[in-house]
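# Working through the structure, step by step
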Amino acid sequence: MERLGERLGERSAARLAAVLRHLSPRPAAAPAPVSIPTSAQVSVVPQSGRFCYTLDNDLLTTEQRQFYEDNGYLLIKNLVSDEDIERFRKEFWRICRREVKPPGIMIMKDESLRSQFGQSENVVNKVQDFQEDEELFRYCTLPEVLKYVECFTGPNIMAMHTMLINKLPDSDKQTFLHPMHQDLHYFPFRPASRIVCAWTAMERAHQDNGCLVVQPGTHRTALKPHGYPECEGKTNKLFHGLLDEDEKTPKVHLVMEKGDTVFFHPLLIHGSGINRTSGFRKSISCHFASSECHYIDVKNTTQEHLEKELQEMVCKKYDATSVELKTYGTSEHGLCKGKESTCRRLREEQDGERGPENELLLGKNTDPAWAGRIPFVDLCKGNLAKFCTAKFSMLIHNDSTELGQLMYVKGNLT
Ligand SMILES: CC(C)CC(=O)SCCNC(=O)CCNC(=O)[C@H](O)C(C)(C)COP(=O)(O)OP(=O)(O)OC[C@H]1O[C@@H](n2cnc3c(N)ncnc32)[C@H](O)[C@@H]1OP(=O)(O)O
Ligand SMILES: O=C(O)CCC(=O)C(=O)O
């Protein structure tokens, strides 16, 4: 196991070095930069040609491509059907009522209402990581969504992070505020331009109920330092915002009707305000990435403190001194589901057996049930992936394995 880990580790390090060499416009011998290292810098590389952020495709018009290039987002009206949205809504209710408990799902209550007993649409503000919920995950496989995603990621598409946000009527505590941020802060993989979020309004979203607010063009900037914003109310855990807001770039409120879908770049600065109405404001979204993306080490970058915060939380929660797979393996917490199977898989491999995912990785799994799937190993140490993003990756299209392989080899599989 150790040898395999080493071999894969070397391969991944070599590949990462090659990718970084390829991405970096600076010759290797040049002096190191003195600014705060930001992992996104490697991906914010000037590219030649007219379009850097969209790929050649026969779906987007030249105007639509140019709009995304200039602004970092593209709104498509009426993309997801009412019928699908109502099915997602019903599934959200079922999850709130605990009629279904999909493995790995994270149910988040608003901070100001956390002490309230029970779980309902009135207190749950987010359901995250719904990859094991067949009904909600249908969103990530809707052909009408994927055909747009492909224009940004290319044909090999992974669903990296899923959310159903239920913005509650504000309780005067302002905790439903989503501070201005760049999603790349949460993602330990690159390049940024092969990542895109699809965000669909589940009811009309407007300024009064806390629609998305974007700062057009900011996707052309680097990843900025994030942290907890200073505000009067309590903030939701892990809801980081820009430490220095960009005051110069105008903010645009994205008013959207039910079913409208916005695709946006992970460096686009965006957020959402509080919901001043008495109704809920729901949205369903997925961050997709090209399976050719690669993982990065966030050490010494602006993302490192998020990783530390996550690690500290886990260590505290599970009374552990270090974050290891086996720590989570025994937990009942949904968050840890992936880790348990990883543990098992690694143990199997140690014992000389191979789990189906390892077989798949080695190209030896011929079971048709696994056809088109990518091996997924949840990482144990040293990156954000385990909580935010890499808990799940599924190949939706074709069969490239770049991200999967790197996911497999990255991290300390001790
Ligand atoms: C691209 C994308 C990521 C963009 C965005 O969505 S930006 C926002 C990203 N952040 C998130 O999505 C956070 C998602 N939420 C979560 O992961 C979870 O709800 C957690 C915050 C980790 C809490 O998990 P949970 O299982 O409830 O854990 P515990 O009940 O043991 O609590 C652990 C410590 O966290 C605290 N906590 C839990 N929920 C909240 C909250 N809503 N606001 C503020 N603090 C909270 C809780 O009090 C506890 O604190 P301590 O007792 O350790 O001091
Ligand atoms: O839906 C919202 O209110 C905010 C969503 C958001 O900021 C995100 O998906 O990164």
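In this report, the structure presented in the accompanying data block is examined. (Residues numbered from 1 in each chain as written. Chains lettered and ligands numbered in written order. Predicted model: local features only at pLDDT ≥ 70, side-chain atom pairs only at ≥ 80, totals over all residues. Heavy atoms only, no water.)

## A look at the overall build of the protein
If you tally the helices and strands in the protein, you get eleven helices and 15 strands. Taken over 414 residues, the protein has a buried fraction of 55%. For the protein, the accessible surface area stands at approximately 18700 Å², while carbon and sulfur atoms represent 50% of it. (Helix = DSSP H or I, 4+ residues; strand = E, 2+ residues; numbered from the N terminus. Buried < 20%, exposed > 50% of the residue type's maximum accessible area, 1.4 Å probe, protein only. Areas by Shrake-Rupley, 256 points an atom, 1.4 Å probe, with all protein chains shown as cover.)

## Considerations on the packing of aromatic side chains
Following the criterion strictly, the structure yields five aromatic pairs and no others. The interplanar angle of 25° and the centroid separation of 6.1 Å between the aromatic rings of phenylalanine 152 and phenylalanine 263 together place this pair among those described as stacked. You can see phenylalanine 152 sitting in helix α5 (residues 143-153) and its partner phenylalanine 263 sitting in strand β12 (residues 261-264), a full 111 residues away along the chain. When its relative accessible area of 0% is taken as the criterion, phenylalanine 152 is described as buried. Look at phenylalanine 263 and you get buried, because its relative accessible area is 0%. Aromatic rings pair up to connect Tyr68, Tyr148, Phe152 and Phe263 into one cluster. (Phe/Tyr/Trp six-rings, centres within 6.5 Å; stacked < 30°, edge-to-face > 60°.)

## Focus on the sheet that holds strand β1 (residues 73-76)
On the basis of which strands lie adjacent, the open sheet formed by seven strands has the order β1-β12-β7-β14-β4-β3-β2 and antiparallel pairing. Every interior strand has two partners, whereas the edge strands, β1 and β2 (106-109), have only one. The sheet shows a mean angle of 15° between the axes of neighbouring strands, direction not considered. Here β1 runs beside β12; their pairing, made up of four bridges, is antiparallel. When the bridges of β12 are listed, isoleucine 76 appears paired with threonine 261. Against the sheet, helix α3 (residues 82-96) touches β2, β3 (124-128), β4 (157-167), β7 (195-201) and β14 (281-290), its axis set at about 105° to β3. (Pairing = 2+ DSSP bridges. Axes fitted to C-alpha atoms, helices over the stretch in contact; angles between N-to-C directions. Contact = heavy atoms within 4.5 Å.)

## A short note on the environment of isoleucine 284
Note that isoleucine 284 resides in strand β14. Each C-alpha atom of the pair isoleucine 284 and phenylalanine 130 lies 11 Å from the other, and the pair is 154 residues apart in sequence. With sequence-adjacent residues up to four places away left out, isoleucine 284 is seen in contact with Phe88, Phe130, Leu136, Tyr139, Met163, Leu164, Ala198, Trp199, Thr200 and Met202.

## Here we look at unusual backbone geometry
Residue arginine 98 is not a glycine yet carries a positive backbone phi of 60°. Classification of arginine 98 as exposed rests on a relative accessible area of 52%.

## What about the nonpolar core?
Counting residues in each nonpolar core, the largest one holds 43 residues, and the members touching the most others are Tyr139, Val145, Phe263 and Phe288. Contributions of two or more residues to this core are made by β1, α3, β3, α4 (134-141), α5, β4, β7 and β14. Sorting elements by how many residues they give to this core places α5 first, with six residues. Among the nonpolar cores identified, the runner-up in size contains 15 residues, and Leu184, Ile195, Leu238 and Leu306 belong to it. (Core = buried A, V, L, I, M, F, W, Y, C linked by side-chain atoms within 4.5 Å.)

## Examining the sheet that holds strand β8 (residues 212-215)
Ordered by their spatial adjacency, four strands build an open sheet running β5-β13-β8-β11, and the pairing between neighbours is antiparallel. The open sheet has two edge strands with one neighbour each: β5 (178-181) and β11 (252-253). Looking at chain direction, β8 and β11 are connected through two bridges and run antiparallel. Opposite valine 213, over in β11, you have histidine 253 as the bridge partner.

## What about the site of ligand 2?
Every residue near ligand 2 is listed here: Met163, Ile165, Lys167, His178, His181, Asp183, Trp199, Leu212, His270, Ser272, Arg281 and Ser283. A distance of 2.8 Å is found between an oxygen atom of ligand 2 and a side-chain nitrogen or oxygen belonging to aspartate 183. Measuring from an oxygen atom of ligand 2, one finds a side-chain N or O atom of arginine 281 at 2.9 Å. The fraction of the free accessible surface of ligand 2 (290 Å²) that becomes covered by protein chains is 99%. Where the shell around ligand 2 is concerned, the elements lending two or more residues are β4, β5, β13 (269-272) and β14. Top element by residues in the shell around ligand 2 is β4. It accounts for three residues. Looking at side-chain class alone, the shell around ligand 2 contains four nonpolar, five polar and three charged residues. (Near = heavy atom within 4 Å. Polar contact = N/O pair within 3.5 Å; in protein donor to acceptor, adjacent residues only side chain to side chain. Nonpolar A, V, L, I, M, F, W, Y, C, P; charged D, E, K, R; others polar.)

## Details of the pairing of β12
Judged by which residues are buried, β12 turns out to be covered on both faces: Thr261 and Phe263 on one side and Val262 and Phe264 on the other are all buried. With four bridges joining them, β7 and β12 adopt antiparallel strand pairing. Bridging from a neighbouring strand, tryptophan 199 pairs with valine 262 of β12.

## Observations concerning helix α2 (residues 62-71)
Where α2 is concerned, the buried positions are Arg65, Tyr68, Glu69 and Asn71. Buried residues in α2 make contact with β1, α5, β7 and β12. Just downstream of α2, glycine 72 is the residue with a positive phi angle, here 85°.

## Some details on α5
By the burial criterion, the buried members of α5 are Val145, Leu146, Tyr148, Val149, Cys151, Phe152 and Thr153. Of the residues one or two after α5, glycine 154 is the one with positive phi, at around 90°.

## Overview of the pattern of salt bridges
Summed over all chains, the structure comprises 14 salt bridges. The partner of lysine 282 in a salt bridge is glutamate 121, and the shortest N-O contact between them spans 2.4 Å. Here lysine 282, found in strand β14, pairs with glutamate 121, found in the loop between β2 and β3; they are 161 residues apart in sequence, far enough to count as distant. Residue glutamate 121 is classed as buried on the basis of its relative accessible area, which comes to 18%. (Salt bridge = Lys/Arg side-chain N within 4 Å of Asp/Glu carboxyl O.)

## Here's the deal with the packing of α3 against α4
Orientation of α3 relative to α4, taken along the N-to-C sense of each, is 140°, at an axis distance of 8 Å. Pair α3 / α4 crosses with left-handed handedness. Seen from α3, the contacting residues are Asp84, Arg87, Phe88, Glu91 and Ile95; seen from α4, they are Glu135, Leu136, Arg138 and Tyr139. When its residues are assigned to classes, the contact of α3 with α4 shows four nonpolar, no polar and five charged. (Left-handed = near helix turned anticlockwise from the far one by under 90°.)

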